[in-house]
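Chain by chain, the residues:
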Amino acid sequence: MALFSEDERGRIEAAVAEVERHTAGEIVVAVVHECHRYGSSRALATGLWSLGLTLLVYAVVPTLPAIWLIATEVPLAGLVWAALSWQPLRRLLLPATHAQAAVAARAMQLFAERGVYDTRDRSGLLIVIAELERRVVILGDTGIHAHIGE
């Protein structure tokens, strides 16, 4: 599911065009689903949850042979991994510092990739909306900073 509907995207484009008509600024809006894959956090959570669930199975059925306990960990890990693909759960795993660093790094990458630095009067402005991390980063080129400061 997209963060913005077609109608909302149209309104954003119209607002950007209106601002650009009245200023020297050139605005680029980038909406990204996620700024990093966060695989290590997801893998760690998967391992811990599947181990915890296996121990719960052992507590409920202590006579279950060890081989069956080990065998239950694989499907449990698969289920946990799949559950952690759901965005609200993935968001819970994100340490704020990692999310902020990932969004900042992705914003810098997009600033370069989209050529925001290569504008008339160095007046490019990039607005990055990171859906998973629920962060917004606004980066202005040197011309913007010269007029309004940091």
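Quick look at the structure, then. Predicted, not measured: the structure shown is a model, and the values here were computed from it.

**Looking at the environment of L48**
Moving on, step 1. Relative to the elements of secondary structure, L48 occurs in helix α2 (residues 39-60).
Moving on, step 2. Note on L48: relative accessible area 54%, which makes it exposed.
Moving on, step 3. As a C-alpha pair, L48 and A77 span 29 residues in sequence and 9.1 Å in three-dimensional space.

**Looking at the layout of surface pockets**
Moving on, step 1. Of the voids in this model, the largest pocket is the one considered here, and its volume is about 180 Å³.
Moving on, step 2. Forming the boundary of the largest pocket are V19, T23, A24, G25, I27, D121, S123, L125, G143, I144, H147 and I148.
Moving on, step 3. Among the elements that take part in the lining of the largest pocket, helix α6 (residues 142-148) stands out by supplying four residues, more than any other.
Moving on, step 4. Grouping the amino acids of the lining of the largest pocket by side-chain chemistry returns six nonpolar, five polar and one charged.

**A look at the packing of aromatic side chains**
Moving on, step 1. Applying the stated criterion to the full structure yields zero aromatic pairs.
Moving on, step 2. Positioned above the aromatic ring of W81 is the side chain of R42, whose terminal nitrogen or guanidinium carbon lies 3.9 Å from the ring centre.

**Quick notes on the pattern of salt bridges**
Moving on, step 1. By the definition in use, this model includes seven salt bridges.
Moving on, step 2. Between R21 and E18 there is a salt bridge whose closest N-O contact spans 2.6 Å. With a gap of three residues between them, R21 and E18 both fall in helix α1 (residues 6-22), about one helical turn apart.
Moving on, step 3. For R122, the salt bridge is made with D141, and the minimal N-O distance between the two is 3.2 Å. Residue R122 is found in the loop between α5 (96-113) and β2 (124-130), and its partner D141 is found in the loop between β3 (135-140) and α6; the two are separated by 19 residues along the sequence.
Moving on, step 4. Using a relative accessible area of 5% as the deciding quantity, one classes D141 as buried.
Moving on, step 5. Several salt bridges converge on common partners, so that one network encompasses E34, R37 and R90.

**Concerning the side chain of T46**
Moving on, step 1. With respect to the helices and strands, the residue T46 is situated in helix α2.
Moving on, step 2. By relative accessible area, which is 7% here, T46 ends up buried.
Moving on, step 3. Once residues lying within four places of it in the same chain are set aside, the contact partners of T46 are A77, V80, W81 and L84.

**Here we look at the pairing of β3**
Moving on, step 1. Relative to β3, β2 is paired through six bridges, and the arrangement is antiparallel. Bridging across to β3, V128 finds its partner in V137.
Moving on, step 2. Counting the residues between successive antiparallel strands, the hairpin from β2 to β3 contains four residues, one of them, R134, with a positive phi of roughly 55°.

**Things to note about unusual backbone geometry**
Moving on, step 1. One non-glycine residue, Y38, lies in the positive phi region at around 55°.
Moving on, step 2. The residue Y38 is located in the loop between β1 (26-32) and α2 in this model.
Moving on, step 3. At R134, a residue that is not glycine, the phi angle is positive and equals roughly 55°.
Moving on, step 4. Mapped onto the fold, R134 is located in the loop between β2 and β3.

About the criteria used
Residues numbered from 1 in each chain as written. Predicted model: local features only at pLDDT ≥ 70, side-chain atom pairs only at ≥ 80, totals over all residues. Heavy atoms only, no water. Helix = DSSP H or I, 4+ residues; strand = E, 2+ residues; numbered from the N terminus. Buried < 20%, exposed > 50% of the residue type's maximum accessible area, 1.4 Å probe, protein only. 1 Å grid on protein atoms, 1.4 Å probe; cavity = no way out; pocket = protein on both sides within 12 Å on 5 of 7 lines; lining within 4 Å. Points joined across faces, edges and corners; volume = space filled by probe spheres on them. Nonpolar A, V, L, I, M, F, W, Y, C, P; charged D, E, K, R; others polar. Phe/Tyr/Trp six-rings, centres within 6.5 Å; stacked < 30°, edge-to-face > 60°. Lys NZ or Arg CZ within 6 Å of the ring centre and 35° of its normal. Salt bridge = Lys/Arg side-chain N within 4 Å of Asp/Glu carboxyl O. Contact = heavy atoms within 4.5 Å. Pairing = 2+ DSSP bridges.

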